[in-house]
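Now for the letters of each chain:
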Amino acid sequence: MDKFIAFFNFRVYFTIAIILCSYSAYQVNAQISTALSSVSVGEAIEGKELSVSAQLLHPNITSNVSIAFRSFTESEFTVSDMEIIGNRVLFTIPASVVKLPVVVYYIIVELNDGTVETYPLGIPETGVPEEVTVKAADEKDKEILILNPTRGEIVPIEDFFISVSLIKASDNVNSSATKIILNNTDITDKCLFAGDLILFYSSNFPDAVSLGAQNLRVEVYDSSGALYHSVASSFNAETRAEVQRIATEFSYRGNFQAESRNENFNNNSVWYNNFTADFAGNYGEWRFGGYTYFTSEEDKKLQPQHRFSGSIESSWLNLKVGDSYPRFPELVMNGKRVRGISGGIELGIFNVHAAFGEVRRSVEGALLETYSSDEAELGSNFIDIDSAKYGNPIGRADLGTYSRDIFAVRPSFGSGEAFQWGLTYLHSKDDVGSIEFGGRPQENALAGTDLSFNLDNRNIVFRSQAFFSLFNSDISEGSLTDEEIDKVFSGEDNFINVSPNQVKRLKNIFGDFMTVNQFVGPINPGELSSLAAEASLELNYFNNRLRAKYLYRGNDYESFGQEFIRNDIKGFNISDRVRLLRNKLFLTLGYERLEDNLQETKIATTTFQRLNTSVSFFPRIDFPNITIGYSQFKNENDFAVADTSDIANLIDNLTNRFTARFSYDIKASVKHGTSLNFMTSERDDKTPVDADASTFSTSLSVNSFWTSKLSSFVSLVYFSNDIAGVEYKYITISAGGRYKLLDNKLVLNASITPSFGDFKRQALDIWANYDLMENLLFTIQVRVYRIPDESTNSVSGVTVSYRL
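Because the structure is predicted, anything quoted here is derived from the model rather than measured.

1. Side note on the sheet that holds strand β10 (residues 145-148)
Sheet architecture is open: 4 strands sit in the order β10-β12-β16-β15, paired in antiparallel fashion. Each having just a single partner strand, β10 and β15 (192-194) make up the two edges of the open sheet. Pairwise comparison of adjacent strand axes, ignoring direction, gives a mean angle of 20° for this sheet. Direction of pairing for β10 relative to strand β12 (residues 161-165): antiparallel, over a ladder of 3 bridges. Counted as the bridge partner of L145 is S165 from β12.

2. Points about the environment of D596
Considering the arrangement of structural elements, one finds D596 in the loop between β37 (585-595) and β38 (606-617). Residue classification places D596 among the buried positions, given a relative accessible area of 7%. Spatially, the C-alpha atoms of D596 and R327 are 28 Å apart, while their sequence positions differ by 269 residues. Discounting residues that sit within four places of it in the chain, D596 has contacts with D568, I569, K602, A604, T605, T606 and F608.

3. Digging into the sheet that holds strand β26 (residues 366-371)
Ordered by their spatial adjacency, 3 strands build an open sheet running β26-β28-β27, and the pairing between neighbours is antiparallel. Every interior strand has two partners, whereas the edge strands, β26 and β27 (382-384), have only one. Along the sheet, successive strands turn relative to each other by an average axial angle of 40°, direction set aside. In the sheet, β27 pairs with strand β28 (residues 394-398) via 3 bridges, with the strands oriented antiparallel. For I383, the partnering residue across the bridge sits in β28 and is G395.

4. Considering the packing of aromatic side chains
For the structure shown, the criterion picks out 30 aromatic pairs. Here the aromatic rings of Y730 and F759 are separated by 6.4 Å at their centres, their planes lie at 65°, and the arrangement is edge-to-face. Of this pair, Y730 sits in strand β44 (residues 726-741) while F759 sits in the loop between β45 (746-757) and β46 (761-773), and the two are 29 residues apart along the sequence. For F759, a relative accessible area of 11% translates into the label buried. Members of the aromatic cluster, joined through ring pairs, are F356, F407, Y425, F510 and F513. The aromatic ring of F560 is capped on one face by R404, whose charged end is 3.7 Å from the ring centroid. We note R566 situated over the ring of F608; from NZ or CZ to the ring centre the distance is 5.0 Å.

5. A look at the layout of surface pockets
Considering only enclosed or pocket space, the second largest pocket measures out at about 1,200 Å³ in volume. F77, P124, R610, N635 and R657 are, among the 35 residues lining the second largest pocket, the residues nearest its centre. Along the lines of polarity and charge, the residues of the lining of the second largest pocket split into 15 nonpolar, 12 polar and 8 charged.

6. Thoughts on a nonpolar patch on the surface
Nonpolar side chains collect at one region of the surface, where L742, I752, L764, I766, Y770, L772, M773, F778, I780, V782 and V798 lie side by side and expose about 940 Å² of accessible area between them. Those elements that provide at least two residues to the nonpolar patch are β46 and β47 (776-787). With 5 residues, the single largest contributor to the nonpolar patch is β46. Positionally, I752 belongs in strand β45.

Scoring rules and cut-offs
Residues numbered from 1 in each chain as written. Predicted model: local features only at pLDDT ≥ 70, side-chain atom pairs only at ≥ 80, totals over all residues. Heavy atoms only, no water. Pairing = 2+ DSSP bridges. Helix = DSSP H or I, 4+ residues; strand = E, 2+ residues; numbered from the N terminus. Axes fitted to C-alpha atoms, helices over the stretch in contact; angles between N-to-C directions. Buried < 20%, exposed > 50% of the residue type's maximum accessible area, 1.4 Å probe, protein only. Contact = heavy atoms within 4.5 Å. Phe/Tyr/Trp six-rings, centres within 6.5 Å; stacked < 30°, edge-to-face > 60°. Lys NZ or Arg CZ within 6 Å of the ring centre and 35° of its normal. 1 Å grid on protein atoms, 1.4 Å probe; cavity = no way out; pocket = protein on both sides within 12 Å on 5 of 7 lines; lining within 4 Å. Points joined across faces, edges and corners; volume = space filled by probe spheres on them. Nonpolar A, V, L, I, M, F, W, Y, C, P; charged D, E, K, R; others polar. Patch = residues over 30% accessible without salt bridge, like charges linked within 9 Å, V, L, I, M, F, W, Y side chains within 5 Å. Areas by Shrake-Rupley, 256 points an atom, 1.4 Å probe, with all protein chains shown as cover. Salt bridge = Lys/Arg side-chain N within 4 Å of Asp/Glu carboxyl O.

If you want it as C-alpha cells, here you go:
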C-alpha cells in the first residue's frame, strides 16, 4: 500500500508542476537568435528521418544556412547545407543519426558580409547545441510482418489476399489467438492458420471485401490472453481492369504558390516576391518530378537564390537535373548543393552514382586602388593586375568569388542489403577565368573506397571508408614545367624541404587531372597527412546494441564536397545501448578518446575524452517519459610551460553536464501534452587562465487541445551562462493558439514571444489560412519584433497556393 501511495503522490505532484508551468510555455524552440525567428523540429522516432525547419528573419542578407548534427554518443558533428526557400530553410536529418536518447544539432547562418551566427547563439564558445528527445521504436513491430499487401499498394480485388507472418514473434505469443481485422470487421474466422503464417483469400469470401480504401489491423495476444502488440497497414482494392488502367495511365499532381512579402528593418522597407511550383507524376513504375522557385531576392552579386530541378526515377534509375543535394560516403560529399546533373543506376550486383555541376558561382570583385611594385603592401587583398590596363601592376581589391565545379562518381558492387563495395573519385576546381579580381583559386581531388556488409538479419553491421586527397591552394599560374620544378625546389632560395624528383614523380602520376606546382600537397603521400579513414562494427544481440568505431584524419585531408569535416584527429569511439523491461527502459553508455597533432605540426598534442551516459524510461502507460543524462568532457595537452607568455597554449579542463527530460500527456477533460527539461554544465579550467564556465537552462512547455477546433501552447525558457565571471542571462516566454472556423476552412493563429534579461526582444506573430476553394488557399502573415531602445521591425506578406 505504501508503494502505491508513493507512486500516486509522484503522479499528482508531477501533474501539478506541469500544469502550473503551462501558463508560460510554447511549442517550437525558444532559443534566442538575431538571424532566425523560429525553429521547428518534427517528432523524433528512432531509426526514422527527422525534419528540421526554420524561419529567417533577414533572408535578403543571408548567403547560406547549414545544420550540424550528431547522435548522443558521437562527438563529431556532420554539417550539411539546408535548402533555402524564401524565408524558410529546410533539412531532413538521416534516419541513421536518429538514435536514443537524443539527437544534437545547431544551425549555422552565414550573412553576406561574412558574419557567421549560430542557433543557439555562441557555439562553440558559450552556446550549447539543441537536443531533441528521441522516442524508442517498438521492437515488437519487427515481430509481426504483413507480407501482403504492401502499404499503399493498389491490388485487384479479384486476386486480393492477405499474408501475415509471425515467424519472428516471441515464444510468449499465442499465434492461434491472433485477430485479423479488416475495415473494423473481424475476419479471423475466414483466415487460414498455417503454423506461423496466416492467410486470407478474398476469392473465397467475395462479400468480405469491397472496392476502395482498406484498413488492416493485426492483433497478437500472449499466452495469458492479454494483447501483446498490434500493427496496422492500409492499401486500396480496385477491379483488375482499373488496376491495369492505373498502371498504364499517366497520373500527376502539382502545387503552385505565389508570395509577396514586405520587410521593414531599421526603417528600411523592401518588398520581395516569390513563386514556387512543384510537380509529381507517375506512369507505371516511372516517377517524374519537377520543382522551381523564383524570387526577387536573386542577385548576381550573391550566390544563387533561385532553385529549379527535374527528376525521373524507377526501380533501377534515378536522374536529377538542376539543383540537387547528392550524398556519397560521408568523408566525400554529404548533402552539398550542386547545380547540374546527378543520379545513378542501381542494378543490384552493379551500381553507379555520379554528380556533376556548379557548387559555387562566380561573383566579381572590385578594384579599389592601384600601386606600383614599391608602394604595394602585404595583404591577402593585394593582387597582381594588368599594368597595361590599370597603370600599375598591383591592386588592392574587394575580392570576388571564383566559380567552382565539382564532379564525383561512385561505382559499387552489391545492393547494400547484405554487401556493398564502392570506389569513389571526386575532382573540384575553381575557374581561374571566371572573375578578374579574386584571391587564390584552388583545386581538390580525392579517391578512395568504402565497404559495408550486414550479417544475421543486420545484427552484425560493418562499415568502412578510406580516402586520400590532394589540395592545391593556388592554381592561378597553372602547373610547373620540369625546368620550373628544378628551379623552385632546389637552390639557395628553396624554402620548401622537398626534392624536385618527388614533385616530378607526383606530376607524372597526377598531372593529367591535377595542377601540380609549389602550392600542391601533400608532396609525400607516405606521411598520411591527407588520408581520412574510419571503420565501425555494430553488434545487436541479447538486447544490446554495441558499436565500436575508429577514425583517422590527417591534417591535410580536404574535400570540397564536405568542407566542414574535422581534420587532424584520430581515435576511437565505443557505445552500448541496453534494452530492458520489454523495451521500456534503455541504458546508454559511450566513451570516446581522440587526439590531434598527427603530423606534429602543432606545439603540443591535445587529447579529447568524452563520456556519455543516459537512462530513458518510456512506460507506454499513464506515466511520464523520463530521460536522465550525464556527460563528461576532458581536454588536456602535453604543452610544457616555459614562462608566463606560454600559458595561453596550455589546455587542461574538465566539464560535467547533467540533463533531465520529462514528457507527459495529461489526459483530463482536455488533453495537455507537456514537457519539462533541465540542463546544467560546469567547466573547471585547471590552467592559470582559470576560464571556468557554468551554464544552466530549463524549459517548460504545454500544448493544450481544448476542442477539435481550438488548441494553444505556452512555454518558458530560462538560460544562464557564466564564463570567467562574465554573466549572460535571459528568459523567453511564449504563448499562442490556433482556432478553426467556417467548417475548418479558416484557421487563425497567433503567438507572442517576449525575452527579458541580457537579451531583450518582443515578437508578435499573427497569421491566417483560408481555403477559398478546395484547391485554393490564401495565407496572410504578420510578424512584428521589437528590440527595446533600438528598433521595431516587421515582416508581412500574402501567399496564394493552388493544388492540382
